[in-house]
Amino acid sequence: MFAVQAHGHDIQTVEGLSHEGELAPLQACFRTHHALQCGYCTAGFLITLTDFLSHNPDPTEEEVRQALTGNLCRCTGYTNIIEAALDAAKRMRTNSEAAA
Ligand code: FES
């Protein structure tokens, strides 16, 4: 995407996912599930999954895999990333139910 294409839109970066120094649930799940190694791909996975989970809070494993088809990781083999995404979805659902 060119910068001009984002004119007038909000932009979410990986730096904006945490709040007051506390990791977002998805970030925490990446840490818990060892879903990164070198970290080169991690920002892309986190941003992709943040948007995906905001639209699909209760995804199947296949839906998560489909959502990540545009992201490449040379290190992890994806299994831990998928597990982190599903765990984060579950935690976020639990948190939103507790807040209601
Ligand atoms: Fe190294 Fe994904 S963690 S490329």
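Here's a quick rundown of the structure. Counting restarts for each chain, with residues numbered from 1 along the sequence as it is written. Thresholds applied to this predicted model are a pLDDT of at least 70 for local features of residues and 80 or more for the giving and counting of side-chain atom pairs; totals over whole chains, interfaces and linings are not thresholded and use all residues. Only hydrogens and water are set aside when side-chain values are computed; all heavy atoms of the structure are taken into account.

**Digging into the state of the cysteines**
Cysteine sulfur atoms are paired as a disulfide whenever they fall within 2.5 Å. Under the criterion given, the structure shown has zero disulfides. Free cysteine Cys29: the closest other cysteine sulfur is in Cys41, separated by 16 Å. Relative accessible area decides the class of each residue, using a 1.4 Å probe on protein chains only: under 20% of the type maximum gives buried, over 50% gives exposed, and in between gives partly exposed. Residue Cys29 is classed as buried on the basis of its relative accessible area of 0%.

**Quick look at unusual backbone geometry**
Despite not being glycine, Glu20 has its phi angle at roughly 50 degrees, a positive value. Within the secondary structure, Glu20 is located in the segment before helix 1 (25-32). Phi is positive for Tyr78, close to 75 degrees, though the residue is something other than glycine. Helix numbers and strand numbers start at the N terminus; a helix is a DSSP run of H or I with at least 4 residues, a strand a run of E with at least 2. For Tyr78, the location among the structural elements is in the loop between helix 3 (61-67) and helix 4 (79-99). Tyr78 gets classed as partly exposed once you look at its relative accessible area, which sits at 24%.

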